[in-house]
Amino acid sequence: MTKIQAAITGVNGWVPPYRLTNAELETMIDTSDEWITTRTGIKERRILKGEKMGTSVIGTHAVKGLLEKTKTKPEEIDLLICATVTPDMQYPATANIISENCGIKNALSFDMNAACSGFLFALNTAAKYVESGGYKKVIVVGADKMSSIVDYTDRATCVIFGDGGAAVMLEPNTEGYGIVNALLHVDGSGMQYLHQVAGGSAMPPSHETIDNKLHYVHQEGQSVFKFAVTNMADVAAAIMEKNNLKSDDVAWLVPHQANLRIIDATARRMGLNTDKVMINIQRYGNTTNGTLPLCLWEWEDKLKKGDNIVLTAFGGGFTWGAMYLKWAYDGDKVAK
Ligand code: ACO
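Treat the numbers as computed from the prediction; the structure is a model and nothing was measured.

Caption draft 1: Broad picture of the overall build of the protein. For the protein, the count of helices and strands is 11 helices and 13 strands. A compact globule built from 336 residues would reach a C-alpha radius of gyration of about 20 Å, and the protein, at 19 Å, matches this within 12%. For the protein, the spread of C-alpha atoms along the three principal axes comes to 60 × 45 × 40 Å. Looking at the protein as a whole, 54% of its 336 residues qualify as buried. Contacts spanning at least 24 positions in sequence make up 77% of the contacts within the protein whose residues lie at least 6 apart. Working note: accessible area of the protein is about 14,500 Å², and carbon and sulfur atoms make up 52% of it. Each charge class in the protein was averaged separately, 33 positive and 37 negative side chains, and the resulting centres sit 4 Å apart.

Caption draft 2: Layout of the sheet that holds strand β1 (residues 5–14). Across the sheet, which stays open at both edges, the five strands sit in the order β1-β7-β6-β4-β5 with mixed pairing between neighbours. The sheet is open, and its two edges are formed by β1 and β5 (108–112), each paired on a single side. Pairs of neighbouring strands in the sheet enclose a mean axial angle of 20 degrees, with direction left out of account. Alignment of strand β4 (residues 79–83) against β5, held across five bridges, turns out to be parallel. What sits directly across from L79, in β5, is L108. Packed on one face of the sheet, helix α3 (residues 55–69) meets β1, β4, β6 (138–145) and β7 (163–173) and runs near 145 degrees to β6.

Caption draft 3: Region of the structure containing the site of the ligand. What surrounds the ligand is a group of 27 residues, the closest being T31, R39, C116, Q222 and N259. Separating a nitrogen atom of the ligand from a side-chain N or O atom of Q219 is a distance of 3.1 Å. The side chain of Q222 places a nitrogen or oxygen atom 2.5 Å from an oxygen atom of the ligand. Here the ligand has 1,000 Å² of accessible area as a free molecule, and 76% of this is covered by the chains. Within the residue set of the shell around the ligand, elements represented by two or more residues are α2 (33–40), α6 (155–158), α8 (221–242), α9 (260–270) and β12 (308–315). Element by element, the count of residues in the shell around the ligand is highest for α8, at four residues.

Caption draft 4: Focus on the pattern of salt bridges. Here the structure, examined in full by the defined rule, presents 12 salt bridges. Between K43 and D33 there is a salt bridge; the shortest N-O distance is 3.2 Å. Taken together, the residues span a long stretch of sequence, with K43 in the loop between α2 and β3 (44–47) and D33 in helix α2 at a distance of 10 residues. A salt bridge links K213 to D151, with the nearest nitrogen and oxygen atoms 3.5 Å apart. Taken as a pair, K213 in the loop between α7 (207–211) and β10 (217–219) and D151 in the loop between β6 and α6 lie far apart in primary sequence, 62 residues in all. By relative accessible area, D151 is classed as buried at 11%.

Caption draft 5: Quick look at the side chain of N289. Along the chain, the position of N289 falls in the loop between α10 (281–284) and α11 (291–299). On the basis of relative accessibility, which here comes to 1%, the residue N289 falls in the buried class. Within polar-contact distance, the side chain of N289 engages the backbone oxygen of A115 at 3.4 Å.

Caption draft 6: The arrangement of the environment of T209 in detail. Looking at the element boundaries, T209 is found in helix α7. Given a relative accessible area of 4%, T209 falls into the buried group. Beyond its immediate stretch of four places on either side in the chain, T209 contacts A198, M203, P204, L214 and H215. Polar side-chain contacts of T209 include one of 2.8 Å to the side chain of H215.

Caption draft 7: Main features of the side chain of T288. Position of T288 relative to the elements: it lies in the loop between α10 and α11. Given a relative accessible area of 3%, T288 falls into the buried group.

Procedures and definitions
Residues numbered from 1 in each chain as written. Predicted model: local features only at pLDDT ≥ 70, side-chain atom pairs only at ≥ 80, totals over all residues. Heavy atoms only, no water. Helix = DSSP H or I, 4+ residues; strand = E, 2+ residues; numbered from the N terminus. Rg over C-alpha atoms; globule rule 2.2 N^0.38 Å. Buried < 20%, exposed > 50% of the residue type's maximum accessible area, 1.4 Å probe, protein only. Contact = heavy atoms within 4.5 Å. Areas by Shrake-Rupley, 256 points an atom, 1.4 Å probe, with all protein chains shown as cover. Lys, Arg positive; Asp, Glu negative; His and termini not counted. Charge placed at Lys NZ, Arg CZ, Asp CG, Glu CD. Pairing = 2+ DSSP bridges. Axes fitted to C-alpha atoms, helices over the stretch in contact; angles between N-to-C directions. Near = heavy atom within 4 Å. Polar contact = N/O pair within 3.5 Å; in protein donor to acceptor, adjacent residues only side chain to side chain. Salt bridge = Lys/Arg side-chain N within 4 Å of Asp/Glu carboxyl O.

Here it is, written out as structure tokens:
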């Protein structure tokens, strides 16, 4: 029997127009462009403004554009997975809201939460559906409105995060292109260093949780940094070894955009020059589930059929992983 692989056949991103620059942050908190740039690499991030504007707004823009770009009718979609840590509401799934907004009526849809590794975990899950042979057109959208859970008086976290997202189309491929394999890991003991304390069933919203700012991202930056820098580099090296890839074989590294220093360490460990590394953290900051697909979207026209691509991420949970895929089309031939 011919082996079915899940290949990415289109990508589309969307970021809100408002740019929150380091200069503006200097007017809000005790920080400097110099500190933010040297510690993180970030210059500006996008913020979704407006009443009742949730993550589904970002996801809907990304998915509508993807359907147009790939000339796909909404009713052709079999499955849509949304990776997010900032769903519009506890339920229903933001994936369902995006599907409804886009006219996707015949699809199974659900959300996945693996913090900053969510897109990678969702892509791997979606690939299994495609490989089963029963799902022909599957969308994975990674999107977050991080500004909804960031405390803009906490200088250690508010400079890092931004809003945005992107979506990819997955289709079956029997010519050797698409997702080859992935290494995904979880260590629940890392929860203490990075989590949102209140708002779930363990600590529902109350006056007290709001007064104590427990609905915001709680991050012990240095501890997270140490885990992230080691684990992202290790798992990226491990996926190369698993697939007998040498540095020269890798066309592109697509790393989670949490901190430029973590990205640099991962690229060094893989023996890659920075010209093979997708980096847009300076423009968007950490959009959590948006980072990986936003990179694929921005680099699409440079991607060639057959390119060996490694994606890697690290996030709260702790969760981390890497994926190896063979790109399935020439990006410069895609009509814009
Ligand atoms: N401006 C100026 N000074 C600041 C700022 C700021 N914005 N933020 C912190 N500082 C100060 C601190 O108060 C501290 O001052 P002190 O020495 O007087 O106490 C000093 O800078 C150093 O603080 P650190 O926290 O040690 O700074 P660090 O170099 O670790 O950088 C950062 C902080 C950027 C958060 C870094 O730790 C990091 O990137 N961590 C990893 C983030 C990550 O990968 N997260 C996972 C994904 S996110 C997700 O899953 C949702």
